[in-house]
Amino acid sequence: MKSKLYQDENYLRYLHYELHMLPSEIAKMFDVSQSLIHHYFRKFGIEYDKTLSNLKHRKYQCDHYYFNVIDTPTQ
């Protein structure tokens, strides 16, 4: 019997916002289609974090905020 946890709003929010899982990863986890997961995202008003998708698919990880704070004195 397949688990229907993807129909639980709190669990979907936990997977997406806390564990940073993409809808495609959630769909694979439950062996359902991506469109079904997107349906429940829309139904529950869960905002899909598109930046998360971009970060996960990068070839190289880097700190984009490295130069925001410059803590050395000017000469």
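First, a word on scope: everything that follows refers to the structure included in this document. Per chain, the residues get numbers from 1 upward, laid out in the order the sequence is written. This being a predicted model, a pLDDT of at least 70 is required before a residue's local features are given, and a value of 80 or more before pairs of side-chain atoms are given or counted; all residues contribute to the totals for chains, interfaces and linings. Side-chain measures were taken over the full set of non-hydrogen atoms in the model, leaving aside hydrogen atoms and water.

On to the packing of helix α1 (residues 9-18) against helix α2 (residues 23-30), then. Whenever a helix is involved, its axis is fitted only over the stretch in contact; in every case the axis is a line through C-alpha atoms, and angles between N-to-C directions fall within 0 to 180 degrees. Put simply, DSSP marks the helices as runs of H or I at least four residues long and the strands as runs of E at least two long, and each gets a number from the N terminus on. Packing of α1 against α2 brings their axes to within 10 Å, and their N-to-C directions diverge by 125°. Here α1 lies oblique to α2, going by the angle between them. When you trace α1 past α2, the crossing you get is right-handed. Contacts from Tyr11, Leu12 and Leu15 of α1 reach α2 at Ile26, Met29 and Phe30. Residue polarity is assigned by list, with Asp, Glu, Lys and Arg as charged and Ala, Val, Leu, Ile, Met, Phe, Trp, Tyr, Cys and Pro as nonpolar; anything else, Gly included, falls into the polar class. Grouping the constituent residues of the contact of α1 with α2 by class yields six nonpolar, no polar and no charged. Here is the rule for angles: anything less than 35 degrees is roughly parallel, anything more than 145 is roughly antiparallel, 65 through 115 is roughly perpendicular, and the remaining ranges are oblique. Crossings are sorted by hand: turned counterclockwise from the far helix by less than a right angle, the near helix makes the crossing left-handed, and turned clockwise it makes it right-handed. Residues are treated as being in contact if the distance between any of their heavy atoms lies within 4.5 Å.

Now for the packing of aromatic side chains. Aromatic ring pairs: the centre-centre distance and the angle between the two ring planes describe each pair. The rule is short: rings of Phe, Tyr and Trp, with Trp giving its six-membered ring, pair when the centres are within 6.5 Å, and they are stacked under 30 degrees, edge-to-face over 60, tilted in between. Inspection of the entire model under this criterion finds three aromatic pairs. Judged by centre distance (6.3 Å) and plane angle (70°), the ring pair of Tyr11 and Phe30 falls under edge-to-face. A residue pair is termed long-range when its members are at least 10 positions apart, and Tyr11 in helix α1 and Phe30 in helix α2 qualify at 19 residues. The class of Tyr11 is partly exposed, set by a relative accessible area of 25%. Among the aromatic residues, those joined into a ring-pair cluster are Tyr11, Tyr14 and Phe30. Each residue is placed in one exposure class: buried if its accessible area under a 1.4 Å probe, protein chains only, is under 20% of its type's maximum, exposed if it is over 50%, and partly exposed if it falls in between.

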